[in-house]
Amino acid sequence: MIQEIELTFSLGEYGWSDFRIWTKEEHIEIGMTHIFNNPLEEMFSAFTELLKGIKSTYIMWLDEPGAYRWEITRDEEQHHILDISITETASMSEWKESDRVISEIEFTVKQQQLMACIYGEAIKLRELMKMKTYKIDRNEQYPARALNEFLQAYEARYS
């Protein structure tokens, strides 16, 4: 069943970010570290590729400890539909297939709705980064290039 979703993300201070997603049936809150990679850069890059037509992708977010792996696959018959699985494991700084699964949610969403939610959060983040007091402890973590590429791909696809 295709879900309607809501989501928020925030670029936290000192190497942390938060992501929350709500579907009609599920809610997940993810805290992620920027020590091993830039999770928001990974997200924007993956979603940009989806906007350009890639059939499947994944996003890896690491925590301390733990990991979250998004697997996103385009429906083969209805190309505007995405099947998403988010798996949380007890990984220690890297993803291993053998790690114990803590939680998993799966949902199906229209690509345009997911991208519109991400687009709104990207605009919010871009505007917040214009505030000197906001960006003081976040500037190194701000994925400006990946965010701008996502915004351009979104506007090319849906404007």
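Whatever comes next refers back to the structure up there.
Procedures and definitions
- Residues numbered from 1 in each chain as written.
- Predicted model: local features only at pLDDT ≥ 70, side-chain atom pairs only at ≥ 80, totals over all residues.
- Heavy atoms only, no water.
- Helix = DSSP H or I, 4+ residues; strand = E, 2+ residues; numbered from the N terminus.
- Expected span 1.5 Å × (residues − 1).
- Buried < 20%, exposed > 50% of the residue type's maximum accessible area, 1.4 Å probe, protein only.
- Arc of directions from axis to C-beta.
- Contact = heavy atoms within 4.5 Å.
- Pairing = 2+ DSSP bridges.
- Core = buried A, V, L, I, M, F, W, Y, C linked by side-chain atoms within 4.5 Å.
- Salt bridge = Lys/Arg side-chain N within 4 Å of Asp/Glu carboxyl O.

**Q** Got a minute to help me understand helix α4 (residues 144-158) in this structure?
**A** Note on helix geometry: an α-helix contains 3.6 residues per turn, so any two residues three or four positions apart are oriented the same way. If you check α4, its first and last C-alpha atoms are 21 Å apart, about what 15 residues at 1.5 Å a residue would give, namely 21 Å. Residues of α4 that are buried include every one of A146, L147, F150, L151, A153 and Y154, and no others. For α4, the arc enclosing every buried residue in end-on projection is 165°, short of the 170-degree limit, so these residues lie on one face. Residues Q152 and A156 are exposed on α4 and point more than 90 degrees away from its buried face. Buried residues along α4 sit against α1 (39-51) and α2 (111-128).

**Q** What am I meant to see in the pairing of strand β2 (residues 6-11) here?
**A** Sheet faces and side chains relate simply in a regular strand, where the side chains alternate between the two faces. Here β2 shows a buried face lined by L7, F9 and L11 and an unburied face lined by E6, T8 and S10. Judged from the 6 bridges that link them, β2 and strand β3 (residues 16-22) form a sheet pairing that is antiparallel. Opposite F9, over in β3, you have F19 as the bridge partner.

**Q** Is there a simple way to think about the nonpolar core in this case?
**A** When a protein is soluble and globular, its nonpolar side chains tend to lie buried together. Counting 42 residues, the largest nonpolar core has F19, M43, F44, F47, W70 and F150 as the members making the most contacts within it. Ranked by residue count, the leading element in this core is α1, at 7 residues. Other than its neighbours up to four places away in sequence, F47 contacts I59, W70, I72, L114, M115, I118 and F150.

**Q** Would you mind going over α2 with me for this structure?
**A** In this model α2 runs 26 Å from its N-terminal to its C-terminal C-alpha over 18 residues, within 8% of the 26 Å that 1.5 Å per residue would give. Here α2 has its buried residues at Q111, L114, M115, C117, I118, E121, A122 and L125. The buried residues of α2 occupy one face: seen down the axis, they fall within an arc of 155°.

**Q** Looking at this structure, I do not really get the pattern of salt bridges. What am I missing?
**A** A side chain with one charge can pair with a side chain of the opposite charge if their charged atoms come near. A complete count under the given rule lists 7 salt bridges for this structure. A salt bridge links R145 to E41; the shortest N-O distance between them is 2.9 Å. In this pair, R145 sits in helix α4 while E41 sits in helix α1, placing the two residues 104 residues apart along the sequence. Under the relative-accessibility criterion, E41 is labelled partly exposed at 29%. Linking R145 and E149 is a salt bridge whose minimum nitrogen-to-oxygen distance equals 3.1 Å. Taken together, the positions of R145 and E149, both in helix α4 and 4 residues apart, correspond to about one turn of that helix.

Purely geometric numbers; function is a separate question.
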